[in-house]
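# Remarks on the overall topology
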2 protein chains.
Amino acid sequence: MSSPCAQHQHVHRLIQQPLTELTEKLRRGARKVTAPRQAILDVLRKHASPLTNKEIHAALGKEDCDLATIYRNMHTLELLGLVRRYDFGDGAARFELSAEEGSSHHHHLVCTRCRLIVEVDECFPEEFQSAIASRHGFTQVQHRLEFTGWCPKCQSR
Amino acid sequence: MSSPCAQHQHVHRLIQQPLTELTEKLRRGARKVTAPRQAILDVLRKHASPLTNKEIHAALGKEDCDLATIYRNMHTLELLGLVRRYDFGDGAARFELSAEEGSSHHHHLVCTRCRLIVEVDECFPEEFQSAIASRHGFTQVQHRLEFTGWCPKCQSR
DNA sequence: CTATTTGCAAACGATTTGCAAAACA
DNA sequence: TGTTTTGCAAATCGTTTGCAAATAG
């Protein structure tokens, strides 16, 4: 992971990568394609797992922007459907690009006693989800599925 | 839970309310049966949907106790498996009695734009969950399943 | 009596917001 | 230009924690 960019000034060429699609959606949502937004999406594209705002902030490096700006933008990006919000119960929201944007889809098994987290492959049946969506007239339906329990080590507690 | 078979004991002194079962678990967990705890469980038994600590606090009324006490107790009760923690993404944790304690098991479909919440009946296949649990050596496995999307009214936003 | 638990207040960490300056379209 | 967005700082809000007094067992 390298950031060959110069310091962020008033001199930023509309970069390189296939941000086209993302940019496209921003525009469609009547949002401006700003440096912070591009940087945030860029960080997200480079990470497989969900990141907290603070982690995103730390990963920005050169393209640094205010933490508050990240918070504001995560709301915007979530609203536009570009990112997905997660909540693993540790008090901090986490985000990753929406499935359509290329992120992998997976779930977690969390120990409610020691917070051990294990990745899980099983997923909620697509047919069921579609049925639920149409029955209630919802679109853009996704699901958040998390398993909780007591891990081997915590069972005797 | 190291011993699946619970023994009947002739040790009962202040069992005067229907909290017997809950009280039982508290004792087994070497916890004291205090007024705040009984009041909290009582409130939870009277509500179908998950409540935030603040809501529980408000519902206590006469049996009022400090908010901090509620926070501390919810952790204890969750640890003992008496209550279940939910997170609907609005920043506040919510709790309801564990399934075994009589609460109904259901899921939710939440609009990420206006926060409309609809109850859903579909549930994650039991076979799958069992497989996941045994594969990772977990016990007391439950799942948290939430659907998100855009409700009819918010689709045009 | 002794270990837990509670009330109270202060401490915290995550997230939000007001406002003037800066950046897009 | 007219808006939207950002930086900065202060404000919120949910939750946690230290400590002495109160309480269950």
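Owing to the predicted nature of the structure, the values given are computational and were not obtained by experimental measurement.

### Some words on the interface of chain B and chain A
Taken together, the contact between chain B and chain A spans 42 residues of the former and 41 residues of the latter. The largest contributions to the chain B side of the interface with chain A come from Phe138(B), Arg144(B) and Trp150(B), which together make up 18% of the buried area. On the surface where chain B and chain A come into contact, there are four salt bridges. For the salt bridge of Arg144(A) with Glu146(B), the shortest nitrogen-to-oxygen distance reads 3.4 Å. For the pair chain B and chain A, the interface holds 10 residue pairs in polar contact (both at pLDDT 80 or more).

### Quick look at the protein's contact with DNA strand C
Near DNA strand C you find 22 residues, and of these Lys32(A), Lys54(A), Tyr71(A), Arg37(B) and Thr69(B) are the closest. Here a phosphate oxygen of DNA strand C sits 2.5 Å away from a polar atom, N or O, in the side chain of Thr69(B). Within the side chain of Asn73(B), one N or O atom sits 3.3 Å away from a phosphate oxygen of DNA strand C. Put simply, the parts of the chain that give the surface near DNA strand C at least two residues each are helix H4 (67-79) of chain A together with helix H2 (35-46) and helix H4 (67-79) of chain B. Residues of the surface near DNA strand C, tallied by class, amount to eight nonpolar, six polar and eight charged.

### Description of the packing of helix H2 (residues 35-46) of chain A against H4(A)
Residue and element names in this part refer to chain A. It is at 10 Å that the axes of H2 and H4 come closest, and there the two elements cross at 75 degrees. Viewed along their axes, H2 and H4 adopt a mutual orientation that is roughly perpendicular. Of the residues in H4, those in contact with Pro-36, Arg-37, Ile-40, Leu-41 and Leu-44 of H2 are Thr-69, Ile-70, Asn-73, Met-74, Thr-76 and Leu-77.

### Considerations on the pattern of salt bridges
One pass over the full model with this rule turns up 12 salt bridges over all chains. Here Lys46(A) and Asp42(A) are joined by a salt bridge, their closest N and O atoms 3.4 Å apart. Of this pair, Lys46(A) and Asp42(A) both sit in helix H2, four residues apart, which is roughly one turn of the helix. With relative accessibility at 16%, the residue Asp42(A) sits in the buried group. For Arg94(B), the salt bridge is made with Glu55(B), and the minimal N-O distance between the two is 3.6 Å. A residue pair is termed long-range when its members are at least 10 positions apart, and Arg94(B) in strand E3 (residues 93-97) and Glu55(B) in helix H3 (residues 53-60) qualify at 39 residues. Accessibility expressed as a relative area gives 15% for Arg94(B), which makes it buried. Bridged by salt links that share partners, the residues Asp42(A), Arg45(A) and Lys46(A) form one connected network.

### Quick notes on the nonpolar core
If you look at the biggest cluster of nonpolar residues, it comprises 26 residues, and the most contacted ones within it are Leu109(A), Phe138(A), Phe147(A), Leu109(B), Phe138(B) and Phe147(B). For this core, the secondary structure elements donating two or more residues are strand E4 (107-111), strand E5 (117-120), helix H5 (126-136) and strand E6 (139-150) of chain A together with strand E4 (107-111), strand E5 (117-120), helix H5 (126-136) and strand E6 (139-150) of chain B. Residue contacts for Phe147(B): discarding those within four places in its chain leaves Phe124(A), Gln129(A), Ile132(A), Val141(A), Gln142(A), His143(A), His108(B), Leu109(B), Val110(B) and Val120(B).

### Regarding the sheet that holds strand E2 (residues 83-87) of chain B
Residues and elements named next belong to chain B. Strand order in the open sheet formed by three strands is E1-E3-E2, with antiparallel pairing between adjacent strands. In the strand order of this sheet, the two ends are held by strand E1 (51-52) and E2, each with one partner. Pairing of E2 with E3, which is carried by five bridges, proceeds in the antiparallel orientation. Among the inter-strand pairings, Val-83 is bridged to a residue of E3, identified as Leu-97. Those strands touched by H2 are E1, E2 and E3, and its axis lies near 85 degrees from that of E3. Seen against the sheet, H4 touches E2 and E3 and runs at an angle of roughly 115 degrees to E2.

### Some remarks on the protein's contact with DNA strand D
Of all residues adjacent to DNA strand D, which total 22 residues, the nearest are Lys32(A), Arg37(A), Thr69(A), Lys54(B) and Tyr71(B). Counting only atoms of DNA strand D within 4 Å of the protein, the sugar-phosphate share comes to 65%. Measuring from a base oxygen of DNA strand D, one finds a side-chain N or O atom of Lys32(A) at 2.6 Å. One of the backbone N or O atoms of Gly91(B) is found 3.3 Å from a sugar or linking oxygen in DNA strand D. Counting residues per element, the ones that place at least two in the surface near DNA strand D are H2 and H4 of chain A together with H4 of chain B. Grouping the amino acids of the surface near DNA strand D by side-chain chemistry returns nine nonpolar, five polar and eight charged.

### Quick notes on the sheet that holds E4(B)
The strand order across the open sheet built from six strands is E5(A)-E4(A)-E6(A)-E6(B)-E4(B)-E5(B), with neighbouring strands paired in mixed fashion. The open sheet has two edge strands, E5 of chain A together with E5 of chain B, and neither has a second partner. When strand polarity is set aside, the average angle formed by the axes of neighbouring strands in this sheet is 25 degrees. Sheet strands touched by H5(B): E4, E5 and E6 of chain A together with E6 of chain B. Its angle to E6(B), the strand with the most contacts, is close to 130 degrees.

### Overview of the pairing of E5(A)
Looking along a regular strand, one sees the side chains alternate between the two faces of the sheet. All names here are of chain A. Residues Val-118 and Val-120 line the buried face of E5, whereas the alternating positions Ile-117 and Glu-119 sit on a face that is not buried. Summarising the sheet, E4 and E5 pair through four bridges and their orientation is antiparallel. Looking at E5, one finds that Leu-109 is bridged to Val-118.

About the thresholds
- Residues numbered from 1 in each chain as written.
- Chains lettered and ligands numbered in written order.
- Predicted model: local features only at pLDDT ≥ 70, side-chain atom pairs only at ≥ 80, totals over all residues.
- Heavy atoms only, no water.
- Contact = heavy atoms within 4.5 Å.
- Buried area = accessible area lost by both parts, 1.4 Å probe.
- Salt bridge = Lys/Arg side-chain N within 4 Å of Asp/Glu carboxyl O.
- Polar contact = N/O pair within 3.5 Å; in protein donor to acceptor, adjacent residues only side chain to side chain.
- Near = heavy atom within 4 Å.
- Helix = DSSP H or I, 4+ residues; strand = E, 2+ residues; numbered from the N terminus.
- Nonpolar A, V, L, I, M, F, W, Y, C, P; charged D, E, K, R; others polar.
- Axes fitted to C-alpha atoms, helices over the stretch in contact; angles between N-to-C directions.
- Parallel < 35°, antiparallel > 145°, perpendicular 65-115°, else oblique.
- Buried < 20%, exposed > 50% of the residue type's maximum accessible area, 1.4 Å probe, protein only.
- Core = buried A, V, L, I, M, F, W, Y, C linked by side-chain atoms within 4.5 Å.
- Pairing = 2+ DSSP bridges.

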